[in-house]
Amino acid sequence: MRQVFFMSYFYCMKKIFIFILYTVCFSSLSQQTDKVDFLEINGNVEIDTLHFSIKGQVQVKFKTLKSIDSVYLDGVNMSIKPSENSPYKIVEENNKIWITSNFKKGNEYTAEFTYECQPQQAVYFVGFNSELKAYPSQVWTQGQGKYTSHWLPSLDDMNDKLIFNITYLAPKNYEVFANGKLTRTRSRLNHKSWTYEMKRPMSSYLVAFAMGDFFSSRFKSEKGTPLILTTSTRDKDKINSTYQHHKLIFDYLENKINVDYPWQNYKQVPVRDFLYAGMENTTLNIFSDDFVVDTVGLNDKSFVNVQAHELAHQWFGNLVTETSSKHHWLHEGFATFYALEVEREIFGDEYYFYKIYKTAEELKSLSDKGKGQVLVNTGGSSLTYYEKGAWALIILREIVGGEVFDTAVQNYLTTYAFQNVTTDDFINEVEAVHGQSLDAYKERWLYQKAFQSREALEFLKKNEFIQDYMKLAAFRETRLVLKEELLSTSLDFPVNDYLGQEAVYQLDGEDIELTLPLYKKAFETNNLLVRQAIANSLTEIPVKLKKDYESLLKDESYLTIEKALFHLWVSFPEDRHKYLDSTKNIEGFKDKNVKLLWLTLSLATPDYETVNKSKTFQELSQHTKSGYPYQVRQHAFGYLYQLDTFEVSNYKDLMQGVFHPVWQFQKFCRELLDTLMTSEKHREALLDLVNDFTVREKTFFNNRY
Ligand SMILES: [Zn+2]
């Protein structure tokens, strides 16, 4: 998976860690992989959007490796009914579905039962109970870290891989995407069924579906794999900009890894309010619709990295799977490493080296504080599993050489295909091709807390651009007069994205009169990123740069426009009308970053569109509603707080947000509520509303305040 924020991973890993402790304590209960091999789950899953529940029927096939009297599947809060004439006793107990009989060693058995559940996690019903037509409802799943067993009887243990064939029954008008190949659809009255079949086994955490109103576009990879791209129907005009380079990414990666893509097809589906950036469910990348962008948004939010990362997992994680989270870098380190390879192919060497330079800096700084983590270990941060993992592979390739590395990876994938692996399994493959021990490497890169920054630096220094960048960065603390010439050279045509940005950031805080010629030069580079650096850092605009700064409002970047509009509005009150007029119809990203700022500034400009003031306020205020994506709601709450104006509906929306499944937004709402409760005005308003809260909200509120 790819995380939006580092913290979210800690959260996830913590849950996994707790689970591990649990399984250790009850090992006799949980370790059944040596007694039984589950082969197949064939199921019917009905998605009930009225009751937010799942009803289903499951047929499970398994082979016994020992004579035993019971086997179990994981199934959280499910009510179970065995099929008529079931030869086995099937009961639910403590979130496990026990199938009991006199099972003889070496036989294959099939058990069938129906189940019902109302999942509290792992499947999410989004946008129901909302009248907002712009945001049609969706249902989607997240297995990793949340456990598929909340909606489908399956195995929390990723060491048993099964073939899943599932028919989803959804209200008609919705489309369902799921793992494997769509082999049949059938319409019945108000519903439609979608049958998806797989050929190869996988771990249960990779089972997924996404139901919604989608538009799709179909392609074939160089080797003939069907590639299906989707957006919500409303965003269909953004499909080309969103999936820029998608075919190149697929073909390049498949050739680079040099092992055929292991599954029947590859589908990518953006969903609302997703918990992470993307999730690599087998054959189905479900990702945050934050990455659905138009041609302007594309300049700020490229989907290339997340696309490549999730695709790489189809081999690293899905084809070969860690035996436990101790070896999690075998998923995330590899996905990060190969995504970087793809980005290097598309964006070039400088992009690649700049990116790994930045992660090396982060890893070094943490390591210098004594907070470095061992890579092969449980409970690591995402920085460790993803970035330190990628660095471990970069250095390994440097040591053994590209050819040995590629062959070893190929051997590793083919030897352990559809199986589970440990770090040693991988290293042994490399040693076999390399012909030498890698003990010293293992010690430094896999089993030491400290990040090997000197070794990383030696590697980075082989790139000339990084040498230039480091020379320039070394001047950060130097007085302007001593580095004026160097900064000016860094802005010479044709400017380098990173050197140019660095030069601009070094002007921040200097005597503005002295920096004027350099800022002028930076504006004239016409480089989007260099100009964005000005919008980010130059917050009080000198009159002499006014004209240049105003030109930022026309840049093809919603980030630049948002910053520039705000800083111009603050710096030149006499021209506020002009700035508001020129940006009036810009929406921005899917989170409406420009639109919501515009509404706020318009309200904060007393003599602007005076007759429309209450309409403008209503427009801003309504964006806190639960039907909006959480990113939009968060912006709206933030701006209302700055305007210090909350209506009854906003308070209620905020209370509803404290239970939002996206933890970052949940945290935001709770903190905002805490802040409001310190103000007499808001506190009184909230206390007046307590009786209107739901039972759950009331309990939360009364316990907290
Ligand atoms: Zn990942």
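In case you missed it, the structure is sitting above this.
The structure presented is a predicted model; accordingly, all values stated were derived computationally and were not measured.

1. With respect to the overall build of the chain
Next up, step 1: Scanning the chain from N- to C-terminus turns up 27 helices and 21 strands.
Next up, step 2: Taking 705 residues into account, the globule formula puts the C-alpha radius of gyration at 27 Å, and the chain, at 28 Å, falls close to it.
Next up, step 3: In terms of overall dimensions, the chain has a C-alpha envelope of 85 × 70 × 50 Å along the principal axes.
Next up, step 4: Sorting the 705 residues of the chain into buried and exposed places 44% on the buried side.
Next up, step 5: Long-range contacts, defined here as pairs at least 24 residues apart, represent 67% of the contacts in the chain between residues at least 6 apart.

2. Observations concerning the sheet that holds strand β15 (residues 214-220)
Next up, step 1: Taken in spatial order, the 5 strands line up as β15-β16-β17-β19-β18 in an open sheet, and their pairing is mixed. In the strand order of this sheet, the two ends are held by β15 and β18 (278-279), each with one partner.
Next up, step 2: With 5 bridges joining them, strand β17 (residues 266-271) and strand β19 (residues 284-288) adopt parallel strand pairing. Bridging from a neighbouring strand, Val271 pairs with Ser288 of β19.

3. Things to note about helix α16 (residues 512-524)
Three- or four-residue spacings in an α-helix give side chains the same orientation, since the helix completes a turn every 3.6 residues.
Next up, step 1: Between its first and last C-alpha atoms α16 spans 18 Å; for 13 residues at 1.5 Å apiece the expected length is 18 Å, and the two agree.
Next up, step 2: In the structure, α16 departs most strongly from a straight axis at Leu518, where the bend amounts to approximately 30 degrees.
Next up, step 3: Note on α16: the residue one or two positions beyond its end, Asn526, has a positive phi of about 55 degrees.

4. Comments concerning unusual backbone geometry
Next up, step 1: Here Phe493 and Pro494 are connected by a cis peptide whose omega angle stands at -10 degrees.
Next up, step 2: On the secondary structure map, Pro494 appears in the loop between α14 (480-490) and α15 (497-505).
Next up, step 3: Look at Phe52: it is not a glycine, yet its phi comes out positive at around 50 degrees.
Next up, step 4: One can find Phe52 in the loop between β1 (36-48) and β2 (53-64).
Next up, step 5: Take Phe52: there are 16 C-beta atoms within 10 Å of it, and that puts it in the partly exposed class.
Next up, step 6: Phi at Lys592 is positive, roughly 55 degrees, even though this residue is not glycine.

5. Here we look at the environment of Leu507
Next up, step 1: Here Leu507 lies in the loop between α15 and α16.
Next up, step 2: Sequence separation between Leu507 and Arg476 is 31 residues, and the spatial gap between their C-alpha atoms is 9.3 Å.
Next up, step 3: Discounting residues that sit within four places of it in the chain, Leu507 has contacts with Thr515, Leu518 and Tyr519.

6. Some details on the nonpolar core
Next up, step 1: Ranked by internal contacts, the top residues of the largest apolar core, which has 186 residues, are Ala178, Leu253, Ile286 and Ala312.
Next up, step 2: Ignoring any residue separated from it by four or fewer positions in sequence, one finds Ile286 in contact with Trp140, Ala208, Ala210, Val269, Val271, Phe274, Met279 and Asn281.

7. Quick word on the environment of Asp289
Next up, step 1: Within the element layout of this structure, Asp289 appears in the loop between β19 and α5 (304-313).
Next up, step 2: In this structure Asp289 comes out as buried when scored by C-beta crowding, with 22 C-beta atoms within 10 Å.
Next up, step 3: C-alpha separation for the pair Asp289 and Thr231, spaced 58 residues apart in sequence, amounts to 8.2 Å.

8. What to know about the sheet that holds strand β10 (residues 163-171)
Next up, step 1: If you trace the 7 strands from one edge of the open sheet to the other, you get β4-β7-β2-β1-β10-β13-β12, paired in mixed fashion. Two strands bound the open sheet, and with one partner strand each, they are β4 (79-82) and β12 (181-188). Between one strand axis and the next, the sheet turns through 20 degrees on average, direction left out of account.
Next up, step 2: Here β2 pairs with strand β7 (residues 108-117) via 10 bridges, running antiparallel. Residue pairing across strands places Val58 opposite Phe113, the latter belonging to β7.

9. Structural notes on the pairing of strand β13 (residues 191-197)
Next up, step 1: Sheet topology note: the β10/β13 ladder contains 6 bridges and is antiparallel. Residue Tyr168 lies in a different strand from β13, and its bridge partner there is Trp194.
Next up, step 2: Pairing of β12 with β13 involves 7 bridges; the strand directions are antiparallel. Paired with Leu182 across the two strands is Tyr196, which belongs to β13.
Next up, step 3: Taking the residues that link successive antiparallel strands as the turn, the β12-β13 hairpin has 2 residues, and the phi of Leu189 there is positive, at about 40 degrees.

Cut-offs applied
Residues numbered from 1 in each chain as written. Predicted model: local features only at pLDDT ≥ 70, side-chain atom pairs only at ≥ 80, totals over all residues. Helix = DSSP H or I, 4+ residues; strand = E, 2+ residues; numbered from the N terminus. Rg over C-alpha atoms; globule rule 2.2 N^0.38 Å. Buried ≥ 20, exposed ≤ 12 C-beta atoms within 10 Å, placed from the backbone. Contact = placed C-beta atoms within 7 Å. Pairing = 2+ DSSP bridges. Expected span 1.5 Å × (residues − 1). Bend = angle between axes of the 7 residues up to and from the residue. Core = buried A, V, L, I, M, F, W, Y, C linked by C-beta atoms within 7 Å. Axes fitted to C-alpha atoms, helices over the stretch in contact; angles between N-to-C directions.

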